[in-house]
Amino acid sequence: MDADAVTGPPDGMVDAREELTPMLRQYFECCADYEDALLLFQNGDFYQTYCEAAEETARVCELTLTRREDSTGTYPMAGIPVDSAASYVERLLDAGYRVAVAEQVETPEEASGLVERAVTQVVTPGTILDDELLGTGTTNYVAAVAREGATRAVAAVDTSTGECLVTSVDDDARLVAELDRLSPAELLVGPDASVDPEALSVEPMVTDHAAAGMDDETATERLEAYVSSPEAVVDDVAERRACGAVLAYAEWTQGDDGPLDYVTRIRRYDPRDALTLDATAIRSLELFENRGAGESETLFSVLDETACALGRRELDGWLRRPLVDRERIEARHDAVAELAAEALTRETIREALREVYDLERLAGRVARGRANARDLRSLATTLGAVPAVADALDDAEATRLRDLRERIDPLTDVRDLIERAIRPDPPVEVTEGGVIREGFDDELDGLRATEREGREWVADLEATERERTGIDSLSVGHNQVHGYYIEVTDPNLDRVPDDYTRRQTLKNAERFYTPELKRREDEIIGAAERADALEYERFREVRESVAAETDRLQALAGALAELDALASLATVAVDRDYARPTFHDGGVEIEAGRHPVVEVTQERFVPNDATLPPGSVTLVTGPNMSGKSTYMRQVALIVVLAQAGGFVPAAAARLPVVDRVFTRVGASDDIAGGQSTFMREMTELTEILHEATSDSLILLDEVGRGTSTADGRAIARAAAEFVHDEVGATTLFATHYHDLTELAGERERVRNLHFAADQDGEDVTFLHRVAEGPASSSYGVEVARMAGVPAPVVDRAHALVDGDGATTGHDEGMQVTLSGLGGVATNGAGGGVSDGSTTDERDAGVTVDPAVAAELRDVDLATTTPIEALNLLADLQSRVEEP
């Protein structure tokens, strides 16, 4: 955003600040203090914008642009209703703006001249606090990146909950992976750090706001306001710089001069303590987003049986950072197993948790002094559900459940205070009364009684005065301008008593008051005003008392969040018939495994076993649509889910603890980033070959398909050999390059699996069942026909395959003739190659290298483009030896 375009007076308008009207001068002074934000300037019931800022606001928010004329000149203006500002602010954020909100900080009655206004909050994508703009059960981080030497540090704060995380990595690739995992909505980049936003799967707003304050001394001073010994919590210089910077930025956006009291959980973590899932893996495995169905039909959507927002956020975090500590994983499994077995306990907990509001965000609003009376009642309702949760865990046996029981503090004192102080259904506005319960404060009760008695006296006055004056049409009323009055119509004015004093003349009536009515009015108004002020004072005292227990509230929120996530996993395990996985030092052993998402979206799902020895490379062949990709993904999802602490969709599973899951599945162009499908594929493959360890799980799907057949086949084979020989990671490799299956006879830990199909004429039935050995065919032409490719194209493809004598299989011999090069006969039976040339062919002077013959034999004509065929032919021709 061009700040000058929206903060300065337009051309033709007086731009000397002293010559502006007082209100415009105040507006532009606020703008000058927040040059990188669009300013919303409160004027009564509207937030106004002026000049070019008004034009931008009107365009983005689709508002009617009006014009104002004064001594300064004529200028545009656009207003947003205060009561419905959230939706408009969301549009401005989506359009890339930061939004500074300048509130009226005094009432017109308090002001001696122009009402004072001050910026109370800067709303940015990473520091949103309004529940209307925040997703339920989601995190919303603003992150900062700093660099010191080879260390890249990342710190992130969720200003809605007070969570603060900090970590560091040692190279740019891991930095990108960690940022992708955190998915910040906003990113502060230090002057010595380099982050290419284009490399991230998320699209955060990037700012250098924190650059000036990212030195170690300033950052350490900032941290000292949150922790007594910053070096004890964050001992790395880069981490302190990032952490101090992001906290300073969060304070700035909240309009606070000091620390954010509710940020009490500054936690350093090591990325190596979690199974690493980079953006590619998260996207390929469709953990949180399905490319065709959005947030539905994902692993998270299947597992999310949480009862409250706390649990939903916790479960999200568990899937983004599965554990690698076997003891911690099994502790979660113990808890899930007990909750799965104890249906009554589980349902009692879930029923109670349904009454729990988002305690973390409630505690944050209370600590910031922004909670209203309804927020406090929601807090009381939440605390009211806690005893039932605690009671349900009294007999828990699992260590994790017993620990949670100890951590569940019902905060009875806080709940009792709110129940005694706040009315059950208070208004949203806390300054106009109706908030504090009767009996909580004697002085307040006395004022309310005075007000009530006065109003009752006024209510009886009409009947009393009608009887006294004999005027049946006499009425008693009230308005904001003239207060209480007695109204008498003109025909009855001659009957008005002498103690009536005229207050207002109407067209057909007169309004009066009496000395007693005036006294009562002063009494009512005075009592009401004093009561409203005292009630607000008492409300703030209650809120401050609750805010003093922020640490206890946040600790309770953490315990309830974990319990809800465990109960959700247990519920899914029971409802979906999941099995408890076990861990060992061997390979992946899954009995009757299922894909957790596909099985709930399809009427029928065929389970499959998976036996993957440690460090094995398993080549998976078979037709398209037969289930290869589903099979590979389900293995990875079972691993991820098991290490997150959940049971898995299988009859049984024995698994190793893996350190990282890599995926090279599917392909798409990144045109904006200058990458073709093939280049993107090779980039992902490069990262896998560099980063994978012997404890990793790798999924490779159709590597090498984006270039010529010869190049692609060579890359696929070389990659498979490198993974086997150098990396040693357990790998699933789906391919249509059938000659790769020969590696099973050349490498000790390479094995073949295939997905079988039945063919009856042109009809192919996919069995979706995995079997040992390589596939006999890819059935490419048959799949094309099933997809609806026009019959002439399918027929021509069949003719090309049959006419050339080509087949994609290995289970039968084939004859290949190259017109123009002499006859060449090869025998592909058993995967070997022999010189079957005839005497006449040898006399023609053509000798074919066995490797050339083998490569030609395995050409998949159904999937080879014309240009690939020409390139292959040229390559083969160049390799035929002339005597």
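Below, the structure is looked at part by part. Source: prediction; values computed, not measured.

**Quick notes on empty space enclosed by the protein**
- Using the criterion set out here, one finds two cavities of 30 Å³ or more in the structure.
- Around the second largest cavity, the lining residues are Asp278, Thr280, Phe662, Thr663, Glu684, Glu687 and Ile688.
- Looking at the lining of the second largest cavity, the elements with two or more residues in it are strand E22 (661-664) and helix H23 (677-691).
- At three residues, the largest contribution of residues to the lining of the second largest cavity is made by H23.
- Class assignment for the residues of the lining of the second largest cavity results in two nonpolar, two polar and three charged.

**As for the packing of aromatic side chains**
- Following the criterion strictly, the structure yields ten aromatic pairs and no others.
- When the ring of Phe41 is compared with that of Tyr50, the centres are 6.5 Å apart and the planes differ by 65 degrees; the resulting orientation is edge-to-face.
- Directly above the aromatic system of Tyr262 lies the positively charged group of Arg368, at a separation of 5.1 Å from the ring centroid.
- Taking the ring centre of Tyr485 as reference, the NZ or CZ of Arg511 above it sits at 4.0 Å.

**What to know about helix H15 (residues 373-392)**
- Here H15 contains 20 residues, and its C-alpha end-to-end distance of 30 Å stays within 8% of the 28 Å for a straight helix at 1.5 Å per residue.
- Of the residues that open H15, the one with a side-chain oxygen 3.0 Å from the backbone nitrogen of Arg374 is Asn372.

**Description of the layout of surface pockets**
- Put simply, the second largest pocket is a space of about 2,400 Å³.
- Tyr47, Glu103, Gly369, Arg370 and Glu429 are, among the 50 residues lining the second largest pocket, the residues nearest its centre.
- Those elements giving two or more residues to the lining of the second largest pocket turn out to be strand E1 (38-43), helix H4 (85-94), strand E5 (99-104), strand E6 (117-123), helix H14 (359-367), H15 and helix H19 (515-547).
- Taken together, the residues that form the lining of the second largest pocket break down as 21 nonpolar, ten polar and 19 charged.

**Looking at the sheet that holds strand E17 (residues 582-583)**
- Spatially, four strands are ordered E17-E21-E18-E19 in an open sheet, and the strand pairing comes out mixed. Only two strands of the sheet have a single partner each, and these edge strands are E17 and strand E19 (608-612).
- As defined by bridge partners, E17 adjoins strand E21 (residues 652-655) across two bridges and the pair is classed as parallel. Within E21, the position partnered with Phe583 by the bridge is Leu655.

Criteria and cut-off values
Residues numbered from 1 in each chain as written. Predicted model: local features only at pLDDT ≥ 70, side-chain atom pairs only at ≥ 80, totals over all residues. Heavy atoms only, no water. 1 Å grid on protein atoms, 1.4 Å probe; cavity = no way out; pocket = protein on both sides within 12 Å on 5 of 7 lines; lining within 4 Å. Points joined across faces, edges and corners; volume = space filled by probe spheres on them. Helix = DSSP H or I, 4+ residues; strand = E, 2+ residues; numbered from the N terminus. Nonpolar A, V, L, I, M, F, W, Y, C, P; charged D, E, K, R; others polar. Phe/Tyr/Trp six-rings, centres within 6.5 Å; stacked < 30°, edge-to-face > 60°. Lys NZ or Arg CZ within 6 Å of the ring centre and 35° of its normal. Expected span 1.5 Å × (residues − 1). Polar contact = N/O pair within 3.5 Å; in protein donor to acceptor, adjacent residues only side chain to side chain. Pairing = 2+ DSSP bridges.

Function-wise, these values are silent; they only describe arrangement.
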